[in-house]
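# Architecture and fold: a report
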Amino acid sequence: MGILTANLPTYTSATESNIEEEFIVITLYTHTMSPCAQKVRIVLAEKSLGWEAHSIDLQNKENLEPWYLALNPLGVVPTLVHEDRPIIESSIICEYLEDSFPQPSLRPVSPLATARMRFWLKHIDIKLHPSCGALQWPLVMRPTLLKKTEEEQQRLIDQIPEEPRRERQRRLLALGLEAPDVVGSVKVYRDTIQKMEEALLKQSWLTGDQFGLADCAMSPYFQTLDQFGWLEILNDYPSVDDWFVRVRSRESFQHAVAADFSPTLLNQLKRIGADAWPVIERHLNNL
Ligand SMILES: N[C@@H](CCC(=O)N[C@@H](CS)C(=O)NCC(=O)O)C(=O)O
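Residues numbered from 1 in each chain as written. Predicted model: local features only at pLDDT ≥ 70, side-chain atom pairs only at ≥ 80, totals over all residues.

### A look at the overall build of the protein chain
Assigned secondary structure in the protein chain consists of 14 helices and four strands. Taken over C-alpha atoms, the radius of gyration comes to 18 Å for the protein chain, in line with the 19 Å a tight globule of 287 residues would show. Across its three principal directions, the C-alpha atoms of the protein chain cover 50 × 45 × 35 Å. Looking at the protein chain residue by residue over its 287 residues, the buried ones come to 40%. For the protein chain, the share of sequence-separated contacts (at least 6 apart) that also reach a separation of at least 24 residues comes to 76%. (Helix = DSSP H or I, 4+ residues; strand = E, 2+ residues; numbered from the N terminus. Rg over C-alpha atoms; globule rule 2.2 N^0.38 Å. Buried ≥ 20, exposed ≤ 12 C-beta atoms within 10 Å, placed from the backbone. Contact = placed C-beta atoms within 7 Å.)

What follows is the structure, encoded as structure tokens:
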């Protein structure tokens with residue numbers, strides 16, 4: 001069993017105490033370490049919605065099996081199924097939850113702040129998320145794939161429906177953290193943190209003085225840094241550092257994200273992260 005499959009919970013749901021909407025039928029196809037699934041889990045927790053988790057074995061590419069592709073033709077987690085209807089793409093799922101369960105509201109009130117919120121969501125979807133993948137995938141997914149025969153590895157990669165993701169995974173499988181994608185990904189992280197620092201110098205949360213969808217969507221990408229022991233990236237960004245301390249102390253984050261990381265899993269991730277840190281640090285120093 002791979003190190004990460006050994007420790008993953010197969011079922012997670014809101015605790016009894018914070019389920020207010022007891023009769024809502026929500027299933028989330030998820031994976032402990034997927035930041036875009038984590039963002040949906042945070043929104044579910046902020047809204048005290050009860051849900052059932054279906055954990056997808058990404059290491060062994062269960063996400064590419066026909067039954068899952070029928071739910072999510074892009075072959076990725078998360079997929080939310082609400083009253084038997086699947087909804088895909090994490091930012092769209094978050095806004096769907098906001099529209100379906102408006103209280104407590106996570107969307108800013110003014111059109112301008114809403115536009116800024118959507119800008120953060122878009123930035124995360126198109127830039128930060130793939131960058132996080134280029135750093136995390138070689139460390140947590142690649143080792144399991146490398147244990148398969150070369151033929152099987154290529155057969156699985158060939159099935160990935162979208163070409164950019166497919167070719168990126170091919171590069172990351174072949175080269176790990178030495179893949180050309182990694183340097184650009186470190187830069188996207190650093191630039192994102194700089195932009196966040198500018199915003200957070202003026203206000204408590206990313207889109208104003210209320211915690212909202214942009215904060216829900218952004219915080220998992222800092223869990224990834226944290227789990228690998230890479231938070232020193234924030235040393236020159238005190239407002240972002242403080243923001244993450246505040247995010248992490250929220251019940252939603254503790255329940256929806258942190259609770260899935262056992263001390264054993266965290267120790268393993270910290271060790272992997274420490275081995276990889278020199279590569280990340282070299283790229284940071286060369287920016
Ligand atoms: N744009 C998608 C991205 C989803 C995504 O990349 N999910 C990753 C996990 S974080 C995944 O399922 N990867 C499986 C694979 O690449 O084979 C979203 O926001 O939902």
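On we go.
### Notes on the packing of helix 5 (residues 111-140) against helix 8 (residues 163-175)
The geometry of helix 5 relative to helix 8 is characterised by a closest axis approach of 10 Å and an angle of 45° between their N-to-C directions. In terms of orientation, helix 5 lies oblique with respect to helix 8. In this structure, helix 5 meets helix 8 at a crossing whose hand is right-handed. Only R168, Q169 and L172 of helix 8 make contact with helix 5, whose side of the interface consists of A134, W137 and P138. Here the contact of helix 5 with helix 8 is built from residues that sort into four nonpolar, one polar and one charged. (Axes fitted to C-alpha atoms, helices over the stretch in contact; angles between N-to-C directions. Parallel < 35°, antiparallel > 145°, perpendicular 65-115°, else oblique. Left-handed = near helix turned anticlockwise from the far one by under 90°. Nonpolar A, V, L, I, M, F, W, Y, C, P; charged D, E, K, R; others polar.)

### What to know about the pairing of strand 3 (residues 79-82)
Across four bridges, strand 1 (residues 26-30) lies against strand 3 in antiparallel orientation. When the bridges of strand 3 are listed, I26 appears paired with H82. Inspection of the sheet shows strand 3 paired to strand 4 (residues 85-88) by four bridges, in the antiparallel sense. Bridged to V81 within strand 4 is P86. (Pairing = 2+ DSSP bridges.)

### A few points about the sheet that holds strand 2 (residues 52-55)
The strands making up a sheet associate through hydrogen bonds between their backbones, and the pairing can be parallel or antiparallel. On the basis of which strands lie adjacent, the open sheet formed by four strands has the order 2-1-3-4 and mixed pairing. On the outer flanks of this sheet lie strand 2 and strand 4, each paired with one strand and no other. Mean inter-strand twist for the sheet, computed between neighbouring axes without regard to direction, equals 25°. As paired strands, strand 1 and strand 2 are joined by four bridges and run parallel to one another. The residue of strand 2 that forms the bridge with L28 is A53. Contacts from helix 2 (residues 35-46) reach strand 1 and strand 3, with the element oriented near 155° to strand 1.

### Details of the site of the ligand
Inspection of the region around the ligand gives 14 residues, with S34, C36, V76, V77 and S90 positioned closest. For the shell around the ligand, the secondary structure elements donating two or more residues are helix 2 and helix 5. Tallied by class, the residues present in the shell around the ligand amount to seven nonpolar, four polar and three charged. A domain-level breakdown of the shell around the ligand finds at least three residues from each of domain 1 (3-100) and domain 2 (112-285). (Near = placed C-beta within 6 Å. Domains from an automatic or database assignment.)

### Focus: the domain arrangement of the protein chain
When cut into domains, the protein chain gives domain 1 (3-100) and domain 2 (112-285). Between domain 1 and domain 2, the C-alpha centre-to-centre distance is 18 Å. Tallying the contact residues gives 29 residues for domain 1 and 31 residues for domain 2. Listing elements by their share of the side of domain 1 that touches domain 2, those giving two or more residues are helix 1 (3-7), helix 2 and helix 4 (90-100). The element that contributes the greatest number of residues to the side of domain 1 that touches domain 2 is helix 2, accounting for ten residues. Residue composition of the side of domain 1 that touches domain 2, grouped by class: 15 nonpolar, nine polar and five charged.

### Things to note about the packing of helix 5 against helix 9 (residues 181-202)
Angle between the axes and distance between the axes are the two parameters that describe a pair of packed helices. At their nearest, the axes of helix 5 and helix 9 sit 8 Å apart, and the two run at 130° to each other. Taken together, the axes of helix 5 and helix 9 lie oblique to each other. In this structure, helix 5 crosses over helix 9, and the sense of that crossing is left-handed. Contacts between helix 5 and helix 9 involve K127, L128, S131, A134 and L135 from the first element and D181, V182, S185, V188, Y189 and T192 from the second. Class assignment of the residues belonging to the contact of helix 5 with helix 9 gives a composition of six nonpolar, three polar and two charged.

### Topic: the environment of F101
Inspection of the secondary structure assignment puts F101 in the loop between helix 4 and helix 5. A residue is classified by how many C-beta atoms lie within 10 Å of it, and F101, with 21 of them, is buried. Once the C-alpha coordinates of F101 and N235 are considered, the two residues, 134 residues apart in sequence, prove to be 37 Å apart. Those residues within four positions of F101 in sequence are excluded, and the remaining contacts are K47 and L49.

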